[in-house]
Amino acid sequence: MTLLDRPIAAPHAARERTERWWHRATGYQIYPRSFADSNGDGVGDIPGITSRLGHLADLGVGFVWLSPVYASPMVDNGYDISDYRAIAPEFGTMEDMDRLIAEARERGIGIVMDLVVNHSSSLHHWFRAARAARDAPEHDFYVWRDPAPDGGPPDDQQAAFGGPAWSWVEEVGQYYFHYFSPAQPDLNWQNPALRAAIYDMMRWWLDRGIAGFRMDVISLIGKDVDARIYEEGPTLHDHLQEMHREVLSGRDIVTIGESWSVPPATGLLYCGRDRNELDMMFEFSHIRDGWDPERGKFAPKPFDLVSFKRELFAWQDLTRQDGWTSLFLTNHDLPRQVSFYGDDGPNRQQSAKMLATVLHLLKGTPFIYQGEEIGMTNAAFERIDQYRDLETLNHFEAQIASGVPLEAFIAGANRNSRDNSRTPMQWTSGANAGFTSGTPWIEVNPNAASINVEQDMQDPGSIFAHYRRLVRLRRELDIVSFGKTEPLLEGSPSVMAYQRQLGDERLVVLGNFTAQAQDVALPDGVPGMGRALVASHGGRARLDRDLRLEPFESVAVLMAA
Ligand code: TEU
Ligand code: CA
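Summary of the structure given here. (Residues numbered from 1 in each chain as written. Chains lettered and ligands numbered in written order. Predicted model: local features only at pLDDT ≥ 70, side-chain atom pairs only at ≥ 80, totals over all residues. Heavy atoms only, no water.)

A few points about empty space enclosed by the protein
One water molecule sets the probe size; rolling that probe over the atoms shows where empty space is left.
In step 1: Scanning the entire structure with this criterion turns up five cavities of 30 Å³ or more.
In step 2: Empty space within the largest cavity amounts to approximately 60 Å³.
In step 3: Every residue lining the largest cavity is listed: E283, H286, L312, W315, Q316, T325, S326, L327, F328, L359 and L362. (1 Å grid on protein atoms, 1.4 Å probe; cavity = no way out; pocket = protein on both sides within 12 Å on 5 of 7 lines; lining within 4 Å. Points joined across faces, edges and corners; volume = space filled by probe spheres on them.)

Put into structure tokens, the structure is as follows:
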């Protein structure tokens, strides 16, 4: 990783002002619990990650987004932090962490930490003090309200993981607010002392040599609970600008904010030029598009490619003049992309490659979630006792109580539960997929016998080889990082197509999302002869006006004027 910014040479991209290292880098997300277990306790850990850095270097990624490894009671697998300056013993020690940062950096890979500061764990010493006495200085680090006249909570707001968003504490005679579970009390960002404590902690981590932060549900920190505004609340951008001044400014790092609600219309408020807030967002409009608006994620609706493309291209359009975006189809909260958008049966290889092609050749910073690079699939659990995730388990209880049949819930969970992407990384065809020598905390997918890293490494036509190529194209070709994106065939329900343009170069990308051959008619000006960049079906260098795409075929042709 070159940590020095340099001016962009390409003419069109002069708009970008300066090139940053992450403009050409691909990110890789590690969910530590499920990546690699070094000591046989069944839980992935930091020494396990360090031992697998060779895999990441091989893939060519520029940085790792590491899901939380801090001290935590693990109610939400580390998204409930009890000490921001300590490592959870099951993941290792601070020395292990320093070694990971140093060894990754030697290989040109930065470590981006997950910053979970909308809430802490209820076991954080701040919250223990806060719940013990109203006059403790830490009391005001959290969001407390007096009971309603009837003694009940201030309002009927529900928490994201089920149940009321307010919990009672007898000692202080007040309710505290938790957007997620009761074990995740929201921090009070209106309090300057809390903000100062967070900034101090962030500087402490940056001084250890990390490459930036992924900021968990950052769009919630400006909330006004009394007005019942949670997402993108009134003080959000003031806080982010203050954080930039106090912590981020002048450091050569990358910052990615997570928001489940940001539309393109407000996207540039976070990452527009001269906003001095964040570098890019993880936004979910293309994901939420696949959920039933009323019944939620456990009742997914059939995939609709036309509206999916509309959401993705709206963000491409946004970054035309200003801002930047992330590119992803999955993460630790989402199902495996080959199962959700592709075909995890007979067309697994082709559909996994196609999804990678159409995503990675867009403008933005792509993220690969562990196992995606070998086409790992959903978990296919049959019984509720195989699930571990609190969101799935809480919704299970509530939905069964409200009369949803068991089979219907399991079918929804098989499609969309967060545990689909949390089964152990499949390294080998051996016992427990080479993830652990003990008993894994969540079951290994039985298909590890045929889907694993070891096997992909031996096959030059593997999904892994395809990803490695896409990662390299982004590093090497200006047009991939900086070209402007123009959608093609927008109304097609089966093909995603676009062209990128930079100077007099053009890159045309096509992907067939179906198991049937598709005939497409390319618009005027698109057909031509060039260099085949990806070879999902042997590679095409020539695009005729009338074209037949094979099932799940993807095409990328680079043409000069
Ligand atoms: O997720 C944000 C979030 O809003 C999730 O609850 C999301 O709605 C859900 O996963 C969709 O099924 C972040 C983290 O990525 C997630 O793992 C945490 O559980 C959550 O914040 C709380 O920290
Ligand atoms: Ca372990």
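Right, picking up where we left off after that structure.
Things to note about the site of ligand 1
In step 1: Taken together, 17 residues form the shell around ligand 1, and within it D76, D216, K297, H332 and D333 come nearest.
In step 2: In the environment of ligand 1, an oxygen atom lies 2.8 Å from a nitrogen or oxygen atom belonging to the side chain of D216.
In step 3: The protein chains hide 94% of the 490 Å² of surface that ligand 1 would expose on its own.
In step 4: Cavity membership is defined here by more than half of the atoms lying within 2 Å of grid points; on that basis ligand 1 lies in the largest pocket.
In step 5: Of the residues that constitute the shell around ligand 1, the class distribution is six nonpolar, two polar and nine charged. (Near = heavy atom within 4 Å. Polar contact = N/O pair within 3.5 Å; in protein donor to acceptor, adjacent residues only side chain to side chain. Areas by Shrake-Rupley, 256 points an atom, 1.4 Å probe, with all protein chains shown as cover. Sits in = over half its atoms within 2 Å of the grid points. Nonpolar A, V, L, I, M, F, W, Y, C, P; charged D, E, K, R; others polar.)

Observations concerning the coordination of the calcium ion (ligand 2)
In step 1: Within the protein, the calcium ion (ligand 2) binds to D37 (OD), N39 (OD1), D41 (OD), V43 (O) and D45 (OD); these donor distances fall in the range 2.2 to 2.4 Å.
In step 2: One chain supplies every donor for the calcium ion (ligand 2), spaced along it as D-x1-N-x1-D-x1-V-x1-D.
In step 3: Given a relative accessible area of 2%, D45 falls into the buried group. (Donors = N, O, S within 2.8 Å, 3.2 Å for Na, K, Ca; no water. Buried < 20%, exposed > 50% of the residue type's maximum accessible area, 1.4 Å probe, protein only.)

What to know about the layout of surface pockets
In step 1: By volume, the largest pocket is sized at about 950 Å³.
In step 2: Forming the boundary of the largest pocket are 35 residues, of which A160, Y179, W260, W291 and E391 lie nearest the centre.
In step 3: Per element, the largest residue contribution to the lining of the largest pocket is three residues, and it comes from helix α12 (residues 390-401).
In step 4: Across the lining of the largest pocket, the residue classes break down as 13 nonpolar, eight polar and 14 charged. (Helix = DSSP H or I, 4+ residues; strand = E, 2+ residues; numbered from the N terminus.)

Treat this as a map of the structure, not an account of what it does.
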